[in-house]
Amino acid sequence: MNAHNSLHAGNDNPAETQRERERMVRYQIESRGVTDPRVLAAMLKVPRHRFVDAGQRARAYDDGPLPIGYGQTISQPYIVALMTELARPEPGSRALEIGTGCGYQAAVLAELVDRVDSVEIVPQLAESAAVRLSELGYRNVVVHQTDGTFGWAEHAPYDLILAAAAPREIPTALIDQLAPGGRLVLPIGVGRGGQTLLCVEKRGDGSVHEREVIPVAFVPMTGAAADA
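Chains are numbered independently. Their residues run from 1 in the order of the written sequence. Only residues with pLDDT of at least 70 are given local features in this predicted model, and only at 80 or more are side-chain atom pairs given and counted; all residues enter the totals for whole chains, interfaces and linings. To obtain the side-chain values, all non-hydrogen atoms of the structure were used and water was disregarded.

Draft legend 1. Quick peek at the packing of helix H1 (residues 14-29) against helix H2 (residues 37-45). With axes taken as lines fitted to C-alpha atoms, and helix axes fitted only over the stretch in contact, angles between N-to-C directions fall between 0 and 180 degrees. The numbering of helices and of strands both runs from the N terminus, where a helix is a DSSP run of H or I of at least 4 residues and a strand a run of E of at least 2. Where H1 meets H2, the closest approach of the two axes is 8 Å, and the angle between their N-to-C directions is 145°. Crossing angle aside, the handedness with which H1 passes H2 is right-handed. Side by side, H1 and H2 meet where Gln 18, Arg 21, Glu 22, Met 24, Val 25 and Ile 29 of the first sit next to Leu 40, Met 43, Leu 44 and Lys 45 of the second. Just so you know the grouping, Ala, Val, Leu, Ile, Met, Phe, Trp, Tyr, Cys and Pro go in nonpolar, Asp, Glu, Lys and Arg go in charged, and all remaining residues, Gly too, go in polar. Of the residues contributing to the contact of H1 with H2, the split by class is six nonpolar, one polar and three charged. By convention the crossing between two helices is left-handed if the near helix lies anticlockwise of the far one by an angle smaller than a right angle, and right-handed if it lies clockwise. The contact criterion used throughout is that any non-hydrogen atoms of two residues lie within 4.5 Å.

Dropping the structure here:
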């Protein structure tokens, strides 16, 4: 919707990568219960292989995370789709992402909402993700290099917030920057064996309702969240 994807760049085989995305969506995502047609369409469209290093491209559509350097990963396709569906993105919505990484989740969100602010604490990842998203034509994503513990207050409130790293507890700033009726989806917990994916909904009176979804394994949130 909001992007022009350059599938013909480099040595890509557009027909083959499209088939790989179709298999990914059918067998990894739909088969596990993700049904939102807009989310499925975004997962079919975004060229995941363009968000990993050349040496990883043969595995870009595998059913699992991949390293992207600096101790970070690109999340499993199913988890990206599930978190996106839980957040309920709508046309016209404003989204905040904590942990840009390679930019893949931001690209998926950019297909579904009006604007994405994405925060990344690692300068090299922030810079490379911004370049990659620009090259792929995503004009509605802005990458900010800063500590995601504090969100991005300048453009708050947000209709949805996704975090791709696990804090010990929910950062207060993320609740504060969530609009009434908005949803925050994030992993929480210490250690990869003790994390849970949470869906947090902010009610009109400012109270929040938390729902545990599934056990997950994310990299820990760094910065101030790690010091808390």
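Draft legend 2. Representation of the nonpolar core within the structure. As used in this record, nonpolar core signifies buried Ala, Val, Leu, Ile, Met, Phe, Trp, Tyr and Cys residues forming a set joined through side-chain atoms within 4.5 Å. Whether a residue is buried, partly exposed or exposed follows from its accessible area with a 1.4 Å probe, protein chains only, as a fraction of its type maximum: under 20%, in between, or over 50%, in that order. In this structure, Met 43, Phe 51 and Tyr 104 are the most contacted members of the largest nonpolar core, which totals 51 residues. In terms of residue count, helix H3 (residues 77-87) provides more of this core than any other element does, eight residues in total. Core analysis: the next-biggest nonpolar cluster, separate from the first, contains 19 residues, Ile 170, Leu 186, Val 219 and Met 221 among them.

Draft legend 3. Main features of the side chain of Glu 85. Among the secondary structure elements, Glu 85 is positioned in helix H3. Engagement of the side chain of Glu 85 in a polar contact is seen with the backbone nitrogen of Asp 36, the distance being 2.8 Å. What qualifies as a polar contact is a pair of N or O atoms within 3.5 Å, subject to a donor-acceptor requirement within protein and to the restriction that residues adjacent in sequence count only when both atoms come from side chains.

Draft legend 4. The sheet that holds strand E8 (residues 195-202), seen in detail. Pairing between two strands is assigned when DSSP locates at least 2 bridges connecting them. Taken in spatial order, the seven strands of this open sheet run E5-E4-E3-E6-E7-E8-E9, and their pairing is mixed. Either end of the sheet is taken by a strand with one partner, and the two such strands are strand E5 (141-145) and strand E9 (208-216). The sheet shows a mean angle of 15° between the axes of neighbouring strands, taken without regard to direction.

Draft legend 5. Geometry of the environment of Glu 85. Here the alpha-carbon distance between Glu 85 and Ser 128, two residues 43 residues apart in the chain, equals 26 Å. When sequence neighbours within four positions are dropped, the list of residues in contact with Glu 85 reads Gly 33, Val 34, Thr 35, Asp 36 and Val 39.

Draft legend 6. Focus on the pattern of salt bridges. The salt bridge criterion pairs a side-chain nitrogen of Lys or Arg with a carboxyl oxygen of Asp or Glu, the two atoms within 4 Å. One pass over the structure, following the stated rule, counts seven salt bridges. Here Asp 62 makes a salt bridge to Arg 59, at a shortest N to O gap of 3.7 Å. Look at Arg 59 and you get partly exposed, because its relative accessible area is 42%. The closest approach of N and O atoms between Arg 183 and Glu 201, which form a salt bridge, is 3.4 Å. Of this pair, Arg 183 sits in strand E7 (residues 178-188) while Glu 201 sits in strand E8, and the two are 18 residues apart along the sequence. Look at Glu 201 and you get partly exposed, because its relative accessible area is 28%.

Draft legend 7. Expanded view of the packing of aromatic side chains. Note on ring pairs: Phe, Tyr and Trp rings are taken, using the six-membered ring of Trp, and paired if centres are within 6.5 Å. Classes follow the plane angle, with under 30 degrees stacked, over 60 edge-to-face and the rest tilted. Using the criterion set out here, one finds one aromatic pair in the structure. Ring centres 5.7 Å apart and planes at 65° place the aromatic pair Phe 51 and Tyr 104 in the edge-to-face group. With Phe 51 in the loop between H2 and strand E1 (66-69) and Tyr 104 in helix H4 (residues 104-110), this residue pair connects regions lying 53 residues apart in the sequence. Both residues of the pair, Phe 51 and Tyr 104, belong to the buried class. For Arg 32, the ring lying beneath its charged end belongs to Tyr 78, and the centroid distance is 5.1 Å. Lying across the ring of Tyr 104, Arg 48 places its NZ or CZ 4.9 Å from the centre. Only when the NZ of Lys or the CZ of Arg is both within 6 Å of the ring centre and within 35 degrees of the ring normal is a charge said to sit over the ring.

Draft legend 8. Spatial organisation of the packing of H1 against H3. Orientation of H1 relative to H3, taken along the N-to-C sense of each, is 75°, at an axis distance of 10 Å. Looking at the two axes, H1 sits roughly perpendicular to H3. Contacts between H1 and H3 pair Met 24, Gln 28 and Ile 29 from the former with Pro 77, Tyr 78 and Ala 81 from the latter. Of the residues assigned to the contact of H1 with H3, the class counts are five nonpolar, one polar and no charged. Angular relationships are summarised with four words: roughly parallel below 35 degrees, roughly antiparallel beyond 145, roughly perpendicular across 65 to 115, and oblique for the angles in between.

Draft legend 9. Structural view of the pairing of strand E4 (residues 115-120). Burial analysis of E4 places five of its six residues in the buried class, the great majority of the element. The handedness rule is simple: strands pointing away from the viewer, and a clockwise path from the first strand over the helix to the second, make the crossover right-handed. Handedness of the β-α-β unit built from strand E3 (residues 94-98), H4 and E4 comes out right-handed. Where E4 and E5 come together, five bridges link them in parallel fashion. Across the sheet, residue Ser 118 finds its bridge partner in E5, namely Val 143. Handedness of the β-α-β unit built from E4, helix H5 (residues 123-135) and E5 comes out right-handed.

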